[in-house]
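This is what each chain is made of:
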Number of protein chains: 2
Amino acid sequence: MAEPIEDFYAVIPAGGVGSRLWPLSRAEAPKFLHDLTGSGVSLLRNTWDRLLPLTGPNRIAVVTGKAHEHRVEDELPDIPEGNVFIESSPRESAAAIGLAAAILQRREPDVIIGSFAADHHISRQRAFEFAVRQSVALARAGYISTIGIAPSEPSVGFGYIQKGDEIDVEGAPMAAIVEQFVEKPDLDTARKYYADRNFLWNAGMFISRADVLLAELAANEPELHAGLLEIAEAWDTDRRAEVTDRIWPGLKKIAIDYAVAEPAAEKGRLAVVPGHFDWDDVGDFASLAKLISGGRPDRMSILGRNEMVLADESTGLVVSQTNRVIAVVGVQGLIVVDTEDALLVTTSEHAQRVKSVVGTLQSRGDDRVL
Amino acid sequence: MAEPIEDFYAVIPAGGVGSRLWPLSRAEAPKFLHDLTGSGVSLLRNTWDRLLPLTGPNRIAVVTGKAHEHRVEDELPDIPEGNVFIESSPRESAAAIGLAAAILQRREPDVIIGSFAADHHISRQRAFEFAVRQSVALARAGYISTIGIAPSEPSVGFGYIQKGDEIDVEGAPMAAIVEQFVEKPDLDTARKYYADRNFLWNAGMFISRADVLLAELAANEPELHAGLLEIAEAWDTDRRAEVTDRIWPGLKKIAIDYAVAEPAAEKGRLAVVPGHFDWDDVGDFASLAKLISGGRPDRMSILGRNEMVLADESTGLVVSQTNRVIAVVGVQGLIVVDTEDALLVTTSEHAQRVKSVVGTLQSRGDDRVL
């Protein structure tokens, strides 16, 4: 087995409720704390396990909300005490990843960081590691690198990255310059992208030297950058709470894509490495159903307590989180999600609408089940 | 309001689990103990309330199993102590109704009894009473009378009764001789019956003098008849338990239709009165969904805790028996039955298959939820 990468640090932003996965995903137990793949452990733990060969246990940091601190520590018992960075309130990905970059760069000036979502599914570990190692080589050469997923179908659910010219960097044989980012396309366009092979899914993974990332942020969002530096300076001192409380709530809410990646791409400083592994953001129950069934909609998939589910002439997905008997009789392509205090019944076609149910519950003040 | 009928006694056989209504209907809480119509009270209580104007509170008897004695008394607090007849084991309708007939006939030799299922739905009270009063008039004239329901559609779900010649009995202007009983027809035949108007649904209601019913039973099932008489003789004495325990378990299991009604029809002794009221045996969830929706499948019907159900672009039936939130999103014609320890999801088309789920649970030894 290959050794961990000496100058590399992984950052896992663990925020986001995932309300399209309600009632599985809740404010108190968001998506990343759930086992959504039937692996036996949470998506967060999967992410940790996937990064471990690249970093070792002492070089992974998690950025998460106050409410999840203990759950995160329970999931990752080996994480060093100082590597759980608590956001006092949610401020989107540029602030979360920027904070980690600023703290880690103070601790270790030449560190290379990579950010990896806490709640995505990835299989084919060796292909993943190969893509990360190439990205680290690119980062050492001064690039900000992203891993773009080689599409397995013409999806309209993801943004795309268009590959440009090859980059000649030792250790990154598949690297290319990012030509442009493209928003989620319509189906015809997605089909063209799929046939083209130069369009990759934007999976939101970014790898770069921390100082390079911060410099790019400084150029595009100087106030956000200055605020993060001031917090980072106080972070490992007894002034952390005071400075954070003063500055954090006023920081701009912006995605790292807009604050760093897209401007860097325009300057020709963003590299992309194609990732030839299965990747899924498990964004809604349609995505989950597909994942669990292995793409075979003609079967009945069960996530959770298999032995409690009786399926008779039925297909779809049953998520069973209780010790109740669940009988599905003669229904096709249905999604049934059974939790202690809430039940959802929907279809893959309507999976996106689940978010609106959460909205309705919020407006009713039904916080008990959110 | 009309007075109760002096010489009339109503008998309510309250047995039958109704396994096609699982998980609502259970061994411990069968169908007749549930509010399946949204009326606020159980079907058994509905039946009692419907009969009360015809009998008064002292002339209704219930035949039920040992396990349900207390629940029945809770539902019917006004029932006289001696009017709950306990079957030590289920022995089908001829034994249940025959036992009631034999006991009541000993208490009151000329009594007329009518048997009415504990778990059917009937609306239009005055039309129901009119049909019963006509049947009592026929019973006084020596007939066994049944009430046949005027079909509201060409149903394949019920057996039919073919009307024959009119009967000229005072107080029974709509009475006719039963020409024959017909088993559940196919759809083409059901359409012919519906157009014909001489075919009525067999709702299993029988009204006759107790001695006439017992004589018919004696002619067709002499051993069953003898056993019931022996039990009835001991019933209101301290020998009840001893005699019942000895005889009851050996009694033949047979439906009253075969033991009494069909043979009587062959002899021209069975009368029928058309019942022009809504009637439903609420036999499965398809039937329940239709009943609750008022026959409008394009809406979402809710039985139970309305405020807990969030329906978004959905139609069908949700039965909510817990305090869980139930969200149904973009599903059409679905039946969702949510109870504390079991959940069923099916469609009207597959409602009959629910029974097989119960069979599977039984074979697995999952008695907890049966």
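Computed from a predicted structure; not experimentally measured.

Student: I'd like a description of unusual backbone geometry, backed by residues and values.
Tutor: Residue and element names in this part refer to chain A. In this model, Trp-22 is joined to Pro-23 through a cis peptide bond whose omega is 5°. Turning to its location among the elements, Pro-23 is positioned in the loop between β1 (8-14) and α1 (43-55). At Arg-197, a residue that is not glycine, the phi angle is positive and equals roughly 75°. Locating Arg-197 in the fold gives a position in the loop between α5 (187-196) and β9 (199-209). Residues other than glycine seldom take positive phi values, yet Val-282 does so here, at roughly 45°. Structurally, Val-282 is set in the loop between β11 (278-280) and α10 (285-293).

Student: Outline the UniProt feature "domain: MannoseP isomerase/GMP-like beta-helix" (unreviewed entry) in chain A, supporting the account with residue identities and numerical values.
Tutor: With numbering matched to this structure, UniProt assigns "domain: MannoseP isomerase/GMP-like beta-helix" (unreviewed entry) to residues 313-361 of chain A. Annotation note: span residues 313-361 of chain A, helix share 16%, strand share 43%, distance between end C-alpha atoms 33 Å.

Student: Pulling in residues and values, what's your account of the interface of chain A and chain B?
Tutor: At the junction of the two partners, chain A supplies 37 residues and chain B supplies 37 residues. With both sides pooled, the region where chain A packs onto chain B buries about 2800 Å², and carbon together with sulfur makes up 58% of that total. Here chain A and chain B share six salt bridges between them. For B:Arg353, the salt bridge goes to A:Asp312, with nearest N and O atoms at 2.7 Å. Applying the counting criterion to the chain A and chain B interface returns 22 residue pairs in polar contact (both at pLDDT 80 or more). Of all elements in the fold, only β13 (309-312), β15 (325-329), β16 (334-338), β17 (342-347) and α11 (354-364) of chain A reach the threshold of two or more residues within the side of chain A that touches chain B. Here the side of chain A that touches chain B takes six residues from β17(A), the largest share from any one element.

Student: Just give me the short version of the pairing of strand β4 (residues 112-115) of chain B, but keep the residues and values in it.
Tutor: Residue and element names in this part refer to chain B. The alternating pattern of β4 places Ile-112 and Gly-114 on one face and Ile-113 and Ser-115 on the opposite face, and all of these are buried. Sheet topology note: the strand β1 (residues 8-14)/β4 ladder contains four bridges and is parallel. The residue bridging Tyr-9 from the neighbouring strand is Ile-113, located in β4. In terms of strand pairing, β4 meets strand β9 (residues 199-209) through four bridges, oriented antiparallel. Considered in β9, the bridge of Gly-114 is made with Ile-207.

Student: Could you give an account of the sheet that holds strand β13 (residues 309-312) of chain B, with specific residues and numbers?
Tutor: Pairing in this open sheet of six strands is mixed, and the strands run β12(A)-β14(A)-β16(A)-β17(A)-β15(B)-β13(B) from one edge to the other. Each of the sheet's edge strands pairs with one partner strand only, and the pair in question is β12 (300-304) of chain A together with β13 of chain B. Adjacent strand axes in the sheet meet at a mean angle of 10° when their direction is disregarded. Pairing analysis gives four bridges linking β13(B) to strand β15 (residues 325-329) of chain B, with the strands arranged parallel. Following the sheet pairing, B:Asp312 is matched in β15(B) by B:Val329. Packed on one face of the sheet, α11(A) meets β17 of chain A together with β13 and β15 of chain B and runs near 135° to β13(B).

Student: Describe the relation of the copies chain A and chain B, with residues and values.
Tutor: In the superposition of chain A on chain B (RMSD 0.0 Å, axial shift 0.0 Å), the rotation amounts to 180°. Taken together, these values place the two copies in the relation of a two-fold axis. Residues of chain A ranked by C-alpha distance from the rotation axis are headed by A:Val345, positioned 4.4 Å from it.

Student: Go over a negative patch on the surface with me, naming the residues and quoting the values.
Tutor: Residue and element names in this part refer to chain A. Side chains of Asp-165, Glu-166, Asp-168, Glu-170 and Glu-179 sit close together on the surface and give a patch of like negative charge. Inspection of the secondary structure assignment puts Glu-170 in the loop between β7 (160-166) and β8 (176-182). Relative accessible area serves as the criterion here: at 75%, Glu-170 is assigned to the exposed category.

Student: Describe in detail the UniProt feature "domain: Nucleotidyl transferase" (unreviewed entry) in chain A, supporting the description with residues and values.
Tutor: Those places that UniProt annotates as "domain: Nucleotidyl transferase" (unreviewed entry) correspond, in this numbering, to residues 10-290 of chain A. Secondary structure content for residues 10-290 of chain A is 40% helix and 22% strand, while the C-alpha to C-alpha distance between its ends is 29 Å.

Student: Help me get a handle on the pattern of salt bridges, residues and values and all.
Tutor: Residues and elements named next belong to chain B. By the definition in use, this model includes 40 salt bridges over all chains. Measuring nitrogen to oxygen at the nearest pair gives 3.9 Å for the salt bridge that ties Arg-191 to Asp-188. Of this pair, Arg-191 and Asp-188 both sit in helix α5 (residues 187-196), separated by three residues, roughly a single helical turn.

Student: Summarise the sheet that holds β13(A); cite the residues concerned and give the values.
Tutor: Sheet strands line up and pair through hydrogen bonds in the backbone, either parallel or antiparallel. Pairing within the open sheet is mixed, and its six strands lie in the order β13(A)-β15(A)-β17(B)-β16(B)-β14(B)-β12(B). Each edge of the sheet is formed by a strand with only one pairing partner; in this case those strands are β13 of chain A together with β12 (300-304) of chain B. For this sheet, the mean inter-axis angle between neighbouring strands, taken without regard to orientation, is 10°. Alignment of β15(A) against strand β17 (residues 342-347) of chain B, held across five bridges, turns out to be parallel. Bridging from a neighbouring strand, A:Val325 pairs with B:Ala342 of β17(B). Packed onto the sheet, helix α11 (residues 354-364) of chain B meets β13 and β15 of chain A together with β17 of chain B and runs at close to 135° relative to β13(A).

The rules we used
- Residues numbered from 1 in each chain as written.
- Chains lettered and ligands numbered in written order.
- Predicted model: local features only at pLDDT ≥ 70, side-chain atom pairs only at ≥ 80, totals over all residues.
- Heavy atoms only, no water.
- Helix = DSSP H or I, 4+ residues; strand = E, 2+ residues; numbered from the N terminus.
- UniProt positions renumbered as here; feature names shortened; annotations may be inferred.
- Contact = heavy atoms within 4.5 Å.
- Buried area = accessible area lost by both parts, 1.4 Å probe.
- Salt bridge = Lys/Arg side-chain N within 4 Å of Asp/Glu carboxyl O.
- Polar contact = N/O pair within 3.5 Å; in protein donor to acceptor, adjacent residues only side chain to side chain.
- Buried < 20%, exposed > 50% of the residue type's maximum accessible area, 1.4 Å probe, protein only.
- Pairing = 2+ DSSP bridges.
- Axes fitted to C-alpha atoms, helices over the stretch in contact; angles between N-to-C directions.
- Least-squares fit on C-alpha atoms with pLDDT ≥ 70 in both.
- Patch = residues over 30% accessible without salt bridge, like charges linked within 9 Å, V, L, I, M, F, W, Y side chains within 5 Å.
- Areas by Shrake-Rupley, 256 points an atom, 1.4 Å probe, with all protein chains shown as cover.
- Lys, Arg positive; Asp, Glu negative; His and termini not counted.
- Charge placed at Lys NZ, Arg CZ, Asp CG, Glu CD.

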